[in-house]
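# Secondary and tertiary structure notes
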Amino acid sequence: QVQLVESGGGWVQAGGSLRLSCAASGRTFNGYAMAWFRQAPGKERELVAAVTGGGGNSWYADSVKGRFTISRDNAKNTMYLQMNTLKPEDTAVYYCAARPGSWYAVNQKDYAYWGQGTQVTVSS
């Protein structure tokens, strides 16, 4: 069982930056691949970025490549999403998710554990 708690969301002007954090319970954090999803109003939840259990491999949606960086600190049981050059279309509730195993998946159905979400609002 893994419990996830996101933090770091907020309001920012376009072009600004935010860093999201996802703190996980448990002692086997590196046994879980992790991901960030987001859901904008009226839209389906989408995968933004994902990282393997060891942190050596990552995946990004085309819409955030070059602007967002996913990372994890397994010693602190925490995952991060550094978001730079934010755009109004990045406005959404951001969720962290975990799945047992080393490798991430692109389908949200493959993630067993979810945080409560944190709102990110980017104004133009």
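Just above, that's the structure.
Residues numbered from 1 in each chain as written. Predicted model: local features only at pLDDT ≥ 70, side-chain atom pairs only at ≥ 80, totals over all residues. Heavy atoms only, no water.

### Some details on the state of the cysteines
- Taken as a whole and assessed by the stated rule, the structure comprises one disulfide.
- Through a disulfide, C22 is tied to C96; the S-S separation comes to 2.1 Å. Judged by the sign of its S-S torsion, about 60°, the cystine formed by C22 and C96 is right-handed. Here C22, found in strand β3 (residues 18-24), pairs with C96, found in strand β9 (residues 92-100); they are 74 residues apart in sequence, far enough to count as distant. A single burial state applies to C22 and to C96, both of which are buried. (Disulfide = S-S within 2.5 Å. Helix = DSSP H or I, 4+ residues; strand = E, 2+ residues; numbered from the N terminus. Buried < 20%, exposed > 50% of the residue type's maximum accessible area, 1.4 Å probe, protein only.)

### Side note on the nonpolar core
- Counting residues in each nonpolar core, the largest one holds 30 residues, and the members touching the most others are L4, M34, W36, M79, L81, M83 and Y94.
- In contact with Y94, not counting residues within four places along its chain, are E6, L20, W36, F37, R38, V48, F68, L81, M83, G117, T118 and V120.
- Among the nonpolar cores identified, the runner-up in size contains nine residues, and F37, A97, Y104 and A105 belong to it. (Core = buried A, V, L, I, M, F, W, Y, C linked by side-chain atoms within 4.5 Å. Contact = heavy atoms within 4.5 Å.)

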